Structures are given as C-alpha cells and as structure tokens.
Amino acid sequence: MAQRRLDLLLFHAYYLVNDPHEQEIMRPFPPLGLQYLVAWLKREGISAVDWMDATFQDGPDDFFERCMVDSPRVVGLYGHTVTRPIAEKMVARCRAEGRRVIAGGPDPAQYIDEYLDAGVEVIVIGEGERTLTALMQHLKANRWRWNYDALVDIPGIVFRHRGERVRTPPRPLIRPLDQIPWPERRRADLQHYFQVWQKRHGETAMSMVTSRGCPYHCSWCSKQVYGDTFRRRSTHDVIDELEAIRTTFDPDQIWFADDLFTINRGWVKRFCREMIRRRSTIPFYVIARPETLTPEVCTDLAAAGCYRVYVSAESGAQHILDAMRKNDRVEDILSAGVNLRCAGIELGVFVMIGYPGESREDLDATLTMLHTLQPEVTLLSVAHPMKGTTFYDEIVDRVLPTPASDGSGRLRFEMDYPRPYYDVAQRMIWAETGLVRKLRRREYDLEMAALAVKAPLYRAATRALAIPARRSREDQR
Ligand code: SF4
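Within each chain, residues carry numbers counting from 1 in the order of the written sequence. Only residues with pLDDT of 70 or above have their local features reported here, since the model is predicted, and side-chain atom pairs are shown and tallied only from 80 upward, although totals for entire chains, interfaces and linings are computed over all residues. The basis for every side-chain value is the complete set of heavy atoms in the structure, and neither hydrogens nor water enter the calculation.

Caption draft 1: Molecular detail of the packing of aromatic side chains. Only the six-membered ring of Trp is used, alongside the rings of Phe and Tyr, when aromatic pairs are assigned; centres must lie within 6.5 Å, and planes under 30 degrees apart are stacked while those over 60 apart are edge-to-face, with the rest tilted. Tallied over the full model, the rule gives 23 aromatic pairs. Ring centres of F261 and F284 lie 6.2 Å apart, and the angle between their planes is 45°; on these two criteria the pair is classed as tilted. With F261 in the loop between β11 (253-256) and α11 (265-277) and F284 in strand β12 (residues 284-288), this residue pair connects regions lying 23 residues apart in the sequence. We note that F261, like F284, is buried. In this structure an aromatic cluster arises from ring pairing among F29, W197, W255, Y285, Y307, Y310 and F350. Should the NZ of a Lys or the CZ of an Arg lie within 6 Å of a ring centre and within 35 degrees of the ring normal, that charge is described as sitting over the ring. Positioned above the aromatic ring of W40, the side-chain terminus of R43 is 4.7 Å from the ring centre. The cationic tip of R212 hangs over the ring face of Y36; the distance from NZ or CZ to the ring centre is 5.2 Å. Helix numbers and strand numbers start at the N terminus; a helix is a DSSP run of H or I with at least 4 residues, a strand a run of E with at least 2. The buried label goes to any residue with under 20% of its type's maximum accessible area, the exposed label to any with over 50%, and the partly exposed label to all in between, with areas taken from a 1.4 Å probe on protein chains only.

Set out below in structure tokens:
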C-alpha cells in the first residue's frame, strides 16, 4: 500500500545536545505546544498531520529523512530564540524541496523579516490553533498554493506579497480553554524521556498545562504567544486529563508547566480538594509567584501531592526587583520560603544576575536571600535581553551586534561589569550555596572542603572584577 502523504509536519528544532543548561538539570519534556496543535487540527478534520520531536536527535538529518518518507506538503516550524539559527537553514531546504513553510511561536513574531528572508512564507502571530487550521484549509482549497487575495482575510498572520509586508488583524484568543482537545501525546518518544528521567532522577515525569497567558509585566519576559490575559481550564477538565495520563502512561510525577499556577487561590483550593476527592493525588511540581504562596495555599498544594514549588525570586535587592517590574517584595519571597517549608514542600528558586543596575553589594543581597531560603534547587541565569520586551527597549543602545557564541542565539548587551565578573559571580553563588547546604546536612567531605576553599576565592575575585565596564551615560555626553 502506498505511503500516505502528510499534509502538515510540525517541527521544533530544539536539540538537547545544543543546550548545556538543560543538560545540567535534565528535566526534558516533549513540546506540549505542537501536541496541542496536532490534537486541534485533527479534530477540525485535518487528519494527515503529525509532529516530530528533535529533542534527542543530533541534528536536522532525521527531520529531512522524515520529509523524504512522508513528503509533507507543508512544514510548520515552532521558532524559539535557541532554535532560530538551525530553523533558518532548515527553511531554505524545505522550500527548495517544494514545501510550503509556516512558522509560529515566540521568536518569529519578533524577527519577522529574518524569518521571511529565510524563506518562511507565513508567520502565525499569537495563539496557533485556529490560525493554523485556517491556513491549512486555505492551502487545501487552493491546491497547496497561496491565494493572496484570500490570505488577507485570515487574522493573526504576517506574510510578504509583492515585496510588501502584510499583517492581518490579531485573532481573538480561544475561550473557554476547555474546548481545546488534550495534547496528542501518543506520538512522543516517551520511553526515551522516561529513560532519561529514570537515569537522572530515579523516576519518570510528564507535563501538563492548566492555563495560558500572564497579566504581569516582568521587564525581561516575552509573552508573544498568549499575551497579557490569563485564561484557565476548569479544574475538572485538568483532573480528567491527569487521570487519562495516569491510565495511559503511568508517570511517577507531573510538572504543571504554567507560568502562574497559584495566581488564583480559589482555583487552587478547588483543584486540590477535587484531586483529593477523586483520589487523583500524584507528586507534582509547579512555578509560582511568591506573594501567592500563603500558608493556606501551601497547605492545600501539599495535600494534593505538590512536592516542590519553583519561585521566581530573581534578586535579593529590592531596587533590582523594582527595575525588573516584578511587582514583588523581597519579604514576600522570604515568606513564601517559610510557608512552603511549613507545609513540607521543597523550594526551587530562579535567580537572575547581571540585570542593569545590579551592584556587587546587590549580589551579596541575593546571596543572603539564598542563604535564608536554603532552596533545594537554584536555577541561575545571567540577564539577556529579548526583542519585544521592556528590558530590550530600555537597553537597546547597549545591545551588542553579535549574539552569544554558544549557539543559543541569545542577544548580548554591554553589561555593567566585565563579562568575567558574571562568570565568577555564578561560580561564587554555586560555591557558597553548595557549602551552606553541605554544612546544613553535616556532609563534611572532600567536596565540602573544596567548596570552602573556592568560595572565598570567588568572592575576592568578584570584588576585584567589579569595575564598571562602561562610563555612565552622563560621562559619555
Ligand atoms: S516572568 Fe512570569 S510572572 Fe513575570 S511576566 Fe513572565 S510569565 Fe508573568
């Protein structure tokens, strides 16, 4: 029997081998966004559609082999900062093979000309389900060619026609979220994910989301796809999906990949009560804003199975939190830590160093915060601007012409101190927090001795390197 040709192959050019940060923490999950798109398209009658997972592959060869086998008429690329360098090359080859190419996700919306120049024909702006369905129906109706007279009537896209960029009006968001079918998970190479998780963490995990969007305005955060609104699924739809996942795949734990799991106390309470009533409790972890982690919320979460909460702390210096427009107070971060501990929940914290205005003393304030919180996990990053964010707009004159050389595509900017300062500052934080952890656990071993030697050396090095890298704007005038 002849192989059925695919109408659409969705692809995310994310390769774990190119991501040293993820390799450190090793908590990979199949891309939920593509799985949501496939589920939606199939329900809308576009059945010859599939997605391909690059996470454990070495490079694009597997993708092109898959294209040879399934000969997709259309390729849909999910674009993210870290995938842009590879995605742009893949687009050229797809076009040379005669395929239509559509791109979506956070990155193409900010780098429209770069993606269009690379050969992408249409960029989806914002939520993808309805727009991609409309584009596929359009192509099918027009013998897999673009009809530009009709294309202008599809909301939520950007394309070029006769050399002019055309942007159609934004598409309204999907409401309520419960109408979106659950992600198409069966195609994922789940066993590979499970093996990786087992090897590193001794158990398996899967991810879910209960919401889309965020109404906050942290300066460095890009919210290109779902915007500033917050929509949430009903608790019963979430728990129905959770039970289906357990029945079908039986993971040991769940990550709720929401940006703001605890934003609505009433929802959290209903969710936790329902989990207990339906005997659906399972170990899970979430991300939360600190001020939402009241004693009551923490107790409810623990009762439903939550074993760890990641808190976006970022800095121990209040003026840096204010500059980031975090709308958070250091006291709230510390209280969140206490409330989680009292409820028996582990604490993970996100910390960002190198935000403009952060002094050497501010770094000490962050360390003091970490020593007080004593988190089980610290996820450390160095500030980098993304187009489309307030942070980028504020320092646009300091953005360097070439991106980071680690292949991540991340923009670099002229930081307050020389680059080596931030490398050493990260080492100092690792050494000092590691040392404190060892002392707390009374692990008096060689590793502890090494940390005890390194920590003061790194501390001294940061002091020596804390020389302003640029003159103030006033000086330059
Ligand atoms: S960092 Fe989190 S809370 Fe802040 S804007 Fe982004 S998603 Fe919202």
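And the narrative resumes.
Caption draft 2: Looking closely at helix α3 (residues 61-70). Inspection of α3 places F63, F64, R66, C67 and D70 among the buried residues, and these make up the whole buried set. Around the axis of α3, the buried residues are gathered within 155° of arc, so they sit on the same side. What points out from α3, more than 90 degrees from its buried face, is the exposed set D61, E65, M68 and V69. Contacts made by the buried residues of α3 are with β1 (8-12), β2 (49-53), β3 (74-78) and α4 (84-96). The directions considered for the arc run from the helix axis to the C-beta atoms. Contacts are assigned to residue pairs with any non-hydrogen atoms lying within 4.5 Å of each other.

Caption draft 3: Main features of the pairing of strand β4 (residues 100-104). Across the 5 residues that make up β4, a large majority, 5, are buried. Alternating residues of β4 divide into R100, I102 and G104 and V101 and A103, and every residue in both groups is buried. A pair of strands counts as paired when DSSP detects no fewer than two bridges linking them. In this structure, β3 lies alongside β4, joined through 5 bridges in parallel fashion. Note that in β4 the partner of G76 across the bridge is I102. Handedness of a crossover is defined as follows: with both strands directed away from the viewer, a clockwise route from the first strand across the helix to the second makes it right-handed. Following the chain from β3 across α4 to the adjacent parallel β4, one finds a crossover that is right-handed. Two elements, β4 and strand β5 (residues 122-124), share 2 bridges in a ladder whose sense is parallel. Residue A103 lies in a different strand from β5, and its bridge partner there is I123.

Caption draft 4: Local environment of the sheet that holds β12. The strand order across the open sheet built from 6 strands is β8-β11-β12-β13-β14-β15, with neighbouring strands paired in parallel fashion. Edge positions in the sheet fall to β8 (205-208) and β15 (377-382), since each has one partner strand and no second. Shown here is a sheet whose adjacent strand axes are inclined to one another by a mean of 20°, direction ignored. The sheet contact formed by β11 and β12 spans 2 bridges and is parallel. Pairing of I254 across the sheet is with F284, part of β12. Only the stretch in contact is used when a helix axis is fitted, and all axes are lines through C-alpha atoms; the angle between N-to-C directions ranges over 0 to 180 degrees. Of the strands in this sheet, β13 (306-314), β14 (346-353) and β15 touch helix α15 (residues 360-373), which is tilted by about 175° from β14.

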